[in-house]
Amino acid sequence: MIIRAKAPLRISFCGGGTDVDPYPREKGGAVLSATIDRFAYASLIEVAESRISIRSLDYDLVTSFQPGDVPPFNGELDLAKAVLRHFSPRRGLDLFLHSDAPPGSGLGSSSTMTVAMVGLFKQWQNQPLTDYDIAELTYQIERIDLQIAGGKQDQYAATFGGFNYIEFFDKAVVVNPLRIRDSIINELEYNLLLCYTGKTRLSANIVANQTRSYQERKPAVVAALDQMKSLTIEMKNCLLRGELDDFGQLLHTAWLHKKNLDANISSTQIDLLYEIGREHGALGGKILGAGGGGFLLFYCPFDKKHHVAAALEKAGGEVVKFSFEPRGLQLWEKK
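In this text, all values refer to a predicted model and were calculated from it rather than measured experimentally.

**Topic: helix H11 (residues 305-314)**
For H11, every residue scored as buried is listed here: Val308, Ala309, Ala311 and Leu312. All buried residues of H11 fall inside an arc of 170° around its axis, so they share one side. If you follow the buried residues of H11, they end up packed against strand S8 (192-196), helix H10 (268-279), strand S10 (295-299) and strand S11 (318-320). Looking one or two residues past H11, Gly316 carries a phi angle of roughly 105°, positive in sign.

**Regarding the nonpolar core**
Formed by 36 residues in total, the largest nonpolar core has its most connected members in Phe13, Phe163, Leu188, Phe247 and Phe324. Secondary structure elements with two or more residues in this core: strand S1 (2-14), strand S2 (29-46), strand S6 (163-168), helix H6 (182-191), S8, helix H8 (219-241), helix H9 (244-258) and S10. Element by element, the count of residues in this core is highest for H9, at five residues. Not counting the four nearest positions on each side in its chain, Phe163 is found in contact with Phe13, Ser33, Ala34, Asn176, Pro177, Leu178, Ile180, Ile185, Leu188, Leu239 and Phe324.

**Some remarks on the pattern of salt bridges**
Counted according to the given criterion, the structure contains 13 salt bridges. Among the ionic pairs, Glu46 bridges to Arg91, the shortest N-O distance being 3.6 Å. Pair noted here: Glu46 is in strand S2 and Arg91 is in the loop between helix H2 (78-87) and strand S5 (93-99), with a separation of 45 residues, a long-range link. Across the salt bridge formed by Arg51 and Asp94, the nearest N and O atoms sit 2.4 Å from each other. On the criterion of sequence distance, the pair formed by Arg51 in the loop between S2 and strand S3 (52-56) and Asp94 in strand S5 is long-range, its members being 43 residues apart.

**As for H8**
Taking 1.5 Å per residue, 23 residues should reach 33 Å; H8 reaches 33 Å between its end C-alpha atoms and fits that length. Listing the buried residues of H8 in full gives Val221, Val222, Ala224, Leu225, Met228, Leu231, Thr232, Met235, Lys236, Cys238 and Leu239.

**Concerning the sheet that holds S8**
In space, the four strands of this open sheet follow the order S9-S10-S8-S11, with antiparallel pairing throughout. Of all strands in the sheet, those with a lone pairing partner are strand S9 (284-287) and S11, marking the two edges. Each strand of the sheet is rotated relative to its neighbour by a mean of 25°, with strand direction disregarded. Examined bridge by bridge, S9 and S10 share four bridges and lie antiparallel to one another. Note on S10: the bridge partner recorded for Gly285 is Phe298. Contacts between H11 and the sheet are confined to S8, S10 and S11, with S8 contributing the most and set at about 5° to the helix.

**Notes on the packing of H8 against H9**
It is the contact of H8 with H9, at a shortest axis distance of 10 Å, that shows an interaxial angle of 170°. What the angle tells us is that H8 and H9 run roughly antiparallel. On H9, the residues touching Ala224, Gln227, Met228, Leu231, Glu234, Met235, Cys238 and Leu239 of H8 are Leu244, Asp246, Phe247, Leu250, Leu251, Thr253, Ala254, His257 and Lys258.

**Re the packing of aromatic side chains**
Counted according to the given criterion, the structure contains 14 aromatic pairs. Seen from their ring centres, Tyr196 and Phe295 are 5.0 Å apart, and the 45° between their planes marks the pair as tilted. One end of the pair, Tyr196, is in strand S8; the other, Phe295, is in strand S10, with 99 residues separating them in the sequence. Relative accessible area serves as the criterion here: at 18%, Tyr196 is assigned to the buried category. A relative accessible area of 9% means that Phe295 is categorised as buried. Here Lys152 stacks its cationic end above the ring of Tyr139, 4.9 Å away from the centre of that ring.

**A short note on the pairing of S3**
Put simply, side chains in a regular strand alternate between the two faces of the sheet. Most of S3 sits inside the fold, with four of its five residues counted as buried. With antiparallel pairing between neighbouring strands as the criterion, S3 and strand S4 (residues 61-65) make up a hairpin whose turn holds four residues, including Asp60 at a positive phi of roughly 55°. Across five bridges, S3 lies against S5 in parallel orientation. Bridge assignment links Arg55 to a residue of S5, and that residue is Phe96.

**What about the side chain of Ser12?**
Within the secondary structure, Ser12 is located in strand S1. Owing to a relative accessible area of 2%, Ser12 belongs among the buried residues under this scheme. Of note is the side chain of Ser12, whose polar atom sits 3.2 Å from the side chain of Gln153. Not counting residues within four places of it along the chain, the set of residues in contact with Ser12 comprises Val31, Leu32, Ser33, Gln153, Lys286 and Leu288.

Rules used throughout
- Residues numbered from 1 in each chain as written.
- Predicted model: local features only at pLDDT ≥ 70, side-chain atom pairs only at ≥ 80, totals over all residues.
- Heavy atoms only, no water.
- Buried < 20%, exposed > 50% of the residue type's maximum accessible area, 1.4 Å probe, protein only.
- Helix = DSSP H or I, 4+ residues; strand = E, 2+ residues; numbered from the N terminus.
- Arc of directions from axis to C-beta.
- Contact = heavy atoms within 4.5 Å.
- Core = buried A, V, L, I, M, F, W, Y, C linked by side-chain atoms within 4.5 Å.
- Salt bridge = Lys/Arg side-chain N within 4 Å of Asp/Glu carboxyl O.
- Expected span 1.5 Å × (residues − 1).
- Pairing = 2+ DSSP bridges.
- Axes fitted to C-alpha atoms, helices over the stretch in contact; angles between N-to-C directions.
- Parallel < 35°, antiparallel > 145°, perpendicular 65-115°, else oblique.
- Phe/Tyr/Trp six-rings, centres within 6.5 Å; stacked < 30°, edge-to-face > 60°.
- Lys NZ or Arg CZ within 6 Å of the ring centre and 35° of its normal.
- Polar contact = N/O pair within 3.5 Å; in protein donor to acceptor, adjacent residues only side chain to side chain.

Next comes the structure, spelled out in structure tokens:
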């Protein structure tokens, strides 16, 4: 039997950072995000031999070991090892992993891959895990077991899918699916532009710096997080009402606040690409994820988008087509 899983990557419009403890425990956080048609894939194949094999097709890495004898974390395939430690399989299996985006892209790829793997073992072991359980277990594996600095939004976005306004509290996370008219979603998709900056980054370092600054109560960081939470609510309301130009302008305002969280969120190259986008007609935009590299997102009036795309490509950016994906984690079996 073969079990397969795919989970969608996400675009976070606003609120990233307010989902990173201790901010949500103390003040409550909020994130506005949507999943796109880029995925993390995982396959689990039962084998007769008493061995477990993990293969990453993206990194051309493979490791094998006996059931119940998961090797120590060493920086290679650690997410998969941590998932296996939790589920403790006693039978032989092959695990194949690959993603449409590398870690550090700003699209939540690491968490999304972990969601896909948790889904596989839920299906294989017939465990009664809800979507909330899957997302919370993924968070535990990444942030507690592996001690990778980061927030909570990616795990929930990948599991639930679609457009969501996600609230983070001390003891709970609440996913609010947004009922947005198809015409608004189509127009938003038509006006958004995704540009790869050409490099990835280690998001955990940026998140750790931001968390330390918040814990030290640095005024600029505290104020930026508070403003971003407020802007998240405004942007959600703009989406629901179809006020998309206002939404685009709020993206710009949120980006200015996001840059105050840590000096490494932006760079000379990111600032250059962003200014080029704005000069050629984009109303707003932001770096996705923790920052430092990965993908830039722009909101452009429809008659300016092709000018923005051409200018970004000329400056060394790579414009990538995408569509919104309404579904979250998907699981199926191949007999």
